Amino acid sequence: MSKTRETVVIIGSGPAAWTAAVYASRANLDPVVYEGEISREMVPGGQLMFTTDIENFPGFPEALGGTDLMERMKAQAVRFGTRVVSENIEAVDFSGHPFVLTTSGGARITASAVIVATGARANWLGLSSEERLARTGGGVSSCAVCDGALPAFRNQRLVVVGGGDSAMEEALYLTKFASEVVIVHRRDSFRASKVMADRVLQDPKIRVEWNAAVTDVLGDDFITGVRLQDTLSGESRDLECGGLFVAIGHTPNTAFLGGQLALHENGYIQTPEAWRTTTSVPGVFAAGDVMDSYYRQAVTAAGTGCMAALEAERWLAHHAVPAAGAIA
Ligand code: NAP
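Predicted model only: the values in this text are computed from it and were never measured.

Novice: Outline the overall build of the protein chain, supporting the account with residue identities and numerical values.
Specialist: When helices and strands are tallied, the protein chain shows 7 helices and 17 strands. Expected size for 328 residues packed as a compact globule is a radius of gyration near 20 Å; at 21 Å, the protein chain falls within 12% of this value. Looking at the protein chain residue by residue over its 328 residues, the buried ones come to 51%. Once local pairs closer than 6 in sequence are excluded, the contacts in the protein chain between residues at least 24 apart make up 61%. By element, 50% of the accessible surface of the protein chain is carried by carbon and sulfur atoms, the whole surface being about 15,300 Å². Across the protein chain, 27 positive and 37 negative side-chain charges occur, with their mean positions spaced 3 Å apart.

Novice: Break down the sheet that holds strand β14 (residues 236-240) for me, with residues and values.
Specialist: One open sheet holds the 3 strands; their spatial order is β12-β13-β14, and the pairing between them is antiparallel. For this open sheet the edge positions go to β12 (212-218) and β14, each flanked by a neighbour on one side alone. Strand-to-strand twist in this sheet, taken as the mean axis angle between neighbours without regard to direction, amounts to 30°. Bridging between β12 and strand β13 (residues 225-230) involves 6 bridges; their strand directions are antiparallel. Directly across from V214, in β13, lies its bridge partner L228.

Novice: Please set out the sheet that holds strand β11 (residues 206-209) residue by residue, giving values where relevant.
Specialist: Judged by pairing direction, the sheet is parallel, and its 5 strands sit side by side in the order β8-β15-β9-β10-β11 without closing on themselves. Each edge of the sheet is formed by a strand with only one pairing partner; in this case those strands are β8 (140-141) and β11. Examined bridge by bridge, strand β9 (residues 157-161) and strand β15 (residues 243-246) share 4 bridges and lie parallel to one another. The residue bridging V160 from the neighbouring strand is F245, located in β15. Against the sheet, helix α5 (residues 165-174) contacts β9, β10 (180-184), β11 and β15, and its axis sits at roughly 170° relative to β9.

Novice: Give a detailed account of the pattern of salt bridges, specifying residues and quantitative values.
Specialist: Evaluated as defined, the whole model comprises 12 salt bridges. E35 is the salt-bridge partner of K74, the closest N and O atoms lying 3.1 Å from each other. Of this pair, K74 sits in helix α2 (residues 66-79) while E35 is found in the loop between β2 (32-34) and α2, placing the two residues 39 residues apart along the sequence. Owing to a relative accessible area of 28%, K74 belongs among the partly exposed residues under this scheme. On the basis of relative accessible area, E35 is assigned to the buried category, the value being 10%. The salt bridge involving R157 is made with E180; its shortest N-O contact spans 2.8 Å. One end of the pair, R157, is in strand β9; the other, E180, is in strand β10, and 23 residues separate them in sequence. According to the relative accessible area criterion, R157 is partly exposed, its value standing at 27%. Connected via shared salt-bridge partners are R157, E180, R207, E209 and R237.

Novice: Account for the nonpolar core, with residues named and values stated.
Specialist: Core analysis: the largest hydrophobic core is formed by 33 residues, its most contacted members being V8, I10, W18, F57, L69 and I115. For this core, the secondary-structure elements that each account for two or more residues are β1 (5-11), α1 (15-26), α2, β6 (108-116) and α7 (298-318). The element contributing the most residues to this core is α7, with 8 residues. Not counting chain neighbours up to four residues away, the residues in contact with I10 comprise A17, A20, A21, P31, V32, V33, Y34 and I115. In terms of nonpolar packing, the next biggest core, distinct from the first, is built from 23 residues, V85, V92, A286 and M291 among them.

So, how was this worked out
- Residues numbered from 1 in each chain as written.
- Predicted model: local features only at pLDDT ≥ 70, side-chain atom pairs only at ≥ 80, totals over all residues.
- Heavy atoms only, no water.
- Helix = DSSP H or I, 4+ residues; strand = E, 2+ residues; numbered from the N terminus.
- Rg over C-alpha atoms; globule rule 2.2 N^0.38 Å.
- Buried < 20%, exposed > 50% of the residue type's maximum accessible area, 1.4 Å probe, protein only.
- Contact = heavy atoms within 4.5 Å.
- Areas by Shrake-Rupley, 256 points an atom, 1.4 Å probe, with all protein chains shown as cover.
- Lys, Arg positive; Asp, Glu negative; His and termini not counted.
- Charge placed at Lys NZ, Arg CZ, Asp CG, Glu CD.
- Pairing = 2+ DSSP bridges.
- Axes fitted to C-alpha atoms, helices over the stretch in contact; angles between N-to-C directions.
- Salt bridge = Lys/Arg side-chain N within 4 Å of Asp/Glu carboxyl O.
- Core = buried A, V, L, I, M, F, W, Y, C linked by side-chain atoms within 4.5 Å.

By themselves, these are just geometric observations and shouldn't be taken as functional.
Shown next as structure tokens:
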């Protein structure tokens, strides 16, 4: 399916990548998407593959599954001629043009323009019970905005793990649905900004379990509680709950770039121009969660995917780009 000389290579397989592919293929750019391989940490389709019901993607009033949404987006891109390769891009060379990309299958391909849409992955606690219940829609989530409004979480005690701004935001958001929100934090003070922390501490629906770590998630098909360990005394006890939201940060998938694009301090790709997807390398564009640590929504990722494809199209039209470059 892939050629050794490509015009536009899109790396990733979430909403940003598929939207970029729809636009690029409809613009006759003959894009190829490197959607990635299945591994223990990653699956093609990205974070939405772990989301059971998506209720906030416009156009789907009845909600739909994350896997469903990704399949539909991929099918839409393929319908317009997008080629899909189920391999990772393992290394890039942006030092010359055309760009050179190395695939996990060992191939080296050139690209006149590249759209990086590799997303970010939520950090998890690393418990097997957490992984199982997150994967099967068993009440464990890393995104309150995505999942918090689901019926299963209404009028339940919901646990949020973490002490940063994300945990504060998730906890405050969940107060709309929960009977009680319990923040479990491993230390005795929050890392979050004072304004967010104060808001949490003043909210009558939220209480904090300080110096506590979640060491197990209880429940077979759906969460029934969490096991907490006191980080000072080492003592364990169980806390009943109807949902667990893990908010201990995200890691953008940028390692394969080998430092060739400018990144923010937190590891996300810099897109220095306002409302643009241009990066520090002309001809390389970034879209979706890999460049967005703030919104992190499927719909915003799709929006930036559209922007990246339009910018790639215009960039290719305005630069004397050879249709096919030879690998040096
Ligand atoms: P963060 O600031 O890195 O906080 C992560 C939190 O998770 C920390 O409290 C950390 O504990 C805890 N943690 C990390 N690993 C853990 C583990 N294995 N077990 C238990 N706890 C663990 O991440 P974030 O909250 O996602 O925020 C990321 C960035 O986005 C920050 O710069 C933040 O200000 C920004 N942000 C801003 C807003 C806003 O302004 N509205 C909203 C969300 C995020 P320790 O404190 O002990 O290290």
